[in-house]
Amino acid sequence: MSISMINAVSPAIAVVIGIAGLVVGLVGGGLLYKLFATKKLGKSKSNAVKIIEEAYAEAKAIKKEAIVESKEESLKLREQVENEVKERRNEASKLEERLNQREEFIEKKELSIDKRTEQLENEKKNLEDERLSIKKAIEENDNLKQDILKKLEEVSRMTASEAKDELVQAMTENAKKEAGLIIKKIEDDAKENGEKKAREIVATAIQKCATDLTSEMTVSVVPLPTDEMKGRIIGREGRNIRAIEAATGVELIVDDTPESITVSSFDPIRREIARLSLEKLVVDGRIHPTRIEEIVEKMTKEVDKSIKEAGEKACEQVQIYNLNPELVKVLGRLKYRTSYGQNVLQHSIEVSVIAGLLATELGADVKIAKRGGLLHDIGKALDHEIEGTHVQIGVDLAKKYKESPEVIHCIEAHHFNVEFRSIEAVIVQIADAISSSRPGARRESFEAYIKRLQQLEEISNSFKGVEKSYAVQAGREVRIIVKPNEISDNDAMFLAKDIAKKIEDEMQYPGQIKVNVIRESRFVETAK
């Protein structure tokens, strides 16, 4: 074989050999895989059998444990049931025992009740017997008492009613004497302590307060430079004086009084406007209806301005700065209002100051006391224009301008129209009395003064045992002389209290009235 042929056949042989090798490899690999797979399968089967056996053994153990647990649980339940049954049996037995004891107790109670009933019946019978015996003894005592009374009446020559009256009178006299001593001791103690302190407080309040006063008048006198001015004021056929009266609402009195003309009106503000207008007209010299209307209008504005300034000054003086502006104007009108000769605005300022000082001493609300004192007579500014008492008008004004209930109560209570509900209201009333009744504060007419003195003496003389009475010290004290054979010392003390009470109930007066009862015996002999 030639080399070329060998070279041509070699690739084919190589391919065949390669294919044969591949086939042999595949067959060998498949046999090896099958061998390994068979071996692995056998191992897996053995593992599965082992797992199944373990699972079976575990399940068997669990079943066994469950059976044991169920047996134990059933035993526990059985024990609980048995215990409950046992407890209920014990309770039932206890209840049965209690019932038996209760029945025994009830039986014993019934027996004791029967015995008690029998005893009560016996006691009732005994009491009835005792009542009959007591009744019999009382009858015997009454007979004995009657015999004794008859013997006593024969011995004393006095009946039983007379003896009883004498005994009651003696006991009454002793009781009055003891009561008088006790009352006197209490009053002395109260005066020694309370009066001293009260005087100090009131004296301090009055000492720190000083105000000017004006006299009460319903007329004003306007001085004129000459009597000829009267004719000019009257005018032709009286047209000027009619114009003045129509513009001011007052009455002009032109009489024989030299160089003066009188302005009369119950309204103090109108009277003041008329007075100022007349003075202005007299100075100006031009007096005719047109000029009169101009001057009156101008003076009205000036008076309104002075009213407002007076109200503001009063508030500033007592240090009250939050008063309603309209209420300040009404307060200023009191500048032209007087009561018993006392200027009401000055009086209100004085009451406010005194009330504030008293409130400070007594520990009360100073602001309410001062505010109530300043506004307590505010109704007098409008009592000529509005119907009603000045107290009710003042209350309505205070409510209208949103004053506090405490201040309204001070206004309402300062004349005892209602009962006092606060210490501040009492303080305002006391301050009002102090300002009104202090010496020189007020005037009263001669007729009213005489009437008050007469009424004091009439009230004093109306009591039994009074011999004479005298009103002294301008009616601030009444001295009463009693008959000593009819009025004892203790009776004199009670008589003074009764007279003072009647004076309080029947009379109206400023300040206080002292009732002085005098009892004395005088024996007069003449040596010859």
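On a predicted model such as this, the values are computed, not experimentally measured, just so you know.

Moving on: the packing of aromatic side chains. Taken as a whole and assessed by the stated rule, the structure comprises 1 aromatic pair. Where Phe 416 meets Phe 420, the ring centres are 5.7 Å apart and the plane angle is 80°; that geometry is what we call edge-to-face. Assessed through its relative accessible area of 30%, Phe 420 is described here as partly exposed.

What follows is about the sheet that holds strand S6 (residues 466-472). The strands that make up a sheet pair up through hydrogen bonds in the backbone, lying either parallel or antiparallel. Spatially, S6-S7-S8 is the arrangement adopted by the 3 strands of the open sheet, whose pairing is mixed. Among the strands making up the open sheet, the edge pair consists of S6 and strand S8 (514-518). Going across the sheet, the axis of each strand differs from the next one's by a mean of 20°, ignoring polarity. Both S6 and strand S7 (residues 477-482) contribute to a ladder of 6 bridges, which runs antiparallel. Along S7, the bridge assignment pairs Tyr 470 with Arg 479. Relative to the sheet, helix H14 (residues 489-506) contacts S6, S7 and S8, its axis offset from that of S8 by approximately 150°.

Taken together, the side chains of Glu 103, Glu 104, Glu 107, Glu 110, Asp 114 and Glu 118 present a region of like negative charge at the surface. Checked against the element boundaries, Glu 104 lands in helix H1 (residues 3-156). The class of Glu 104 is partly exposed, set by a relative accessible area of 45%.

Looking now at the pattern of salt bridges. Pairing is possible between side chains that carry opposite charge, provided their charged atoms lie close to one another. Evaluation of the coordinates by the stated rule reveals 16 salt bridges. Residue Asp 267 is joined to Arg 270 by a salt bridge in which the shortest nitrogen-to-oxygen separation is 3.6 Å. For Arg 479, the salt bridge identified is with Glu 477, shortest N-O distance 3.1 Å. Judged by relative accessible area, Arg 479 falls into the partly exposed class, the value being 37%. For Glu 477, a relative accessible area of 5% puts it in the buried group.

The next thing to look at is the nonpolar core. Of all hydrophobic cores here, the largest spans 32 residues; its most connected members are Leu 331 and Leu 397. Breaking this core down by element, the ones donating at least two residues are helix H6 (289-317), helix H7 (325-333), helix H8 (344-362), helix H9 (366-375), helix H10 (390-400), helix H11 (405-413) and helix H12 (423-437). Looking at which element gives the most residues to this core, the answer is H11, with 5 residues.

This brings us to empty space enclosed by the protein. Under the definition given, this model contains 1 cavity of 30 Å³ or more. Of the pockets and cavities examined, the largest cavity occupies roughly 70 Å³. Lining the largest cavity, in full, are Asp 267, Pro 268, Ile 269, Arg 333, Arg 337, Lys 380, Ala 381, His 384 and Glu 385. Its residues placed into classes, the lining of the largest cavity shows 3 nonpolar, 1 polar and 5 charged.

This brings us to the side chain of Asp 267. With respect to the secondary-structure elements, Asp 267 resides in the loop between strand S3 (260-264) and helix H5 (268-284). At 3.1 Å, the side chain of Asp 267 forms a polar contact with the backbone nitrogen of Ile 269.

Thresholds, definitions, all that
As a convention, each chain's residues are numbered from 1 in the sequence order in which they are written. Side-chain atom pairs in this predicted model are given and counted only at pLDDT of 80 or more, local residue features only at pLDDT of at least 70, and totals for whole chains, interfaces and linings cover all residues. Hydrogens and waters are ignored; side-chain quantities use all the structure's heavy atoms. Pairing of aromatic side chains requires ring centres within 6.5 Å, counting the rings of Phe and Tyr and the six-membered ring of Trp. Pairs whose planes differ by under 30 degrees are stacked, by over 60 edge-to-face, and all others tilted. Accessible area is worked out with a 1.4 Å probe on protein chains only. A residue is then buried under 20% of its type maximum, exposed over 50%, and partly exposed in between. Any two strands with at least two DSSP-identified bridges between them are counted as paired. Helix and strand assignments follow DSSP, with helices taken as H or I runs no shorter than four residues and strands as E runs no shorter than two, numbered in order from the N terminus. Here, axes are lines fitted to C-alpha atoms. For helices the fit covers the stretch in contact, and angles between N-to-C directions go from 0 to 180 degrees. For this analysis, residues touch if any pair of their heavy atoms sits within 4.5 Å. Exposure above 30% relative accessible area and the absence of a salt bridge qualify a residue for a patch, where like charges join within 9 Å and nonpolar side chains (Val, Leu, Ile, Met, Phe, Trp, Tyr) within 5 Å. Throughout, the Shrake-Rupley method with a 1.4 Å probe supplies accessible areas, and for residues the shown protein chains are the sole cover considered. We define a salt bridge as a contact between a side-chain nitrogen of Lys or Arg and a carboxyl oxygen of Asp or Glu at a distance within 4 Å. Counted as positive: Lys and Arg. Counted as negative: Asp and Glu, with His and the chain ends omitted from the count. Each charge is placed at NZ for Lys, CZ for Arg, CG for Asp and CD for Glu. Each nonpolar core is a collection of buried residues, namely Ala, Val, Leu, Ile, Met, Phe, Trp, Tyr and Cys, held together in the definition by side-chain atoms within 4.5 Å. Put simply, the grid is 1 Å and covers the protein atoms alone, a cavity is a trapped set of points that fit a 1.4 Å probe, a pocket is an open set with protein on both sides within 12 Å along at least five of seven lines, and lining residues have an atom within 4 Å of a point. Grid points are joined across faces, edges and corners, and a volume is the space filled by probe spheres set on the points. Three categories are distinguished: nonpolar for Ala, Val, Leu, Ile, Met, Phe, Trp, Tyr, Cys and Pro, charged for Asp, Glu, Lys and Arg, and polar for the others, with Gly belonging to the last. Whenever two N or O atoms come within 3.5 Å, that pair is a polar contact, provided that in protein one can donate a hydrogen and the other can accept it, and provided that, for residues adjacent in sequence, both atoms are side-chain atoms.

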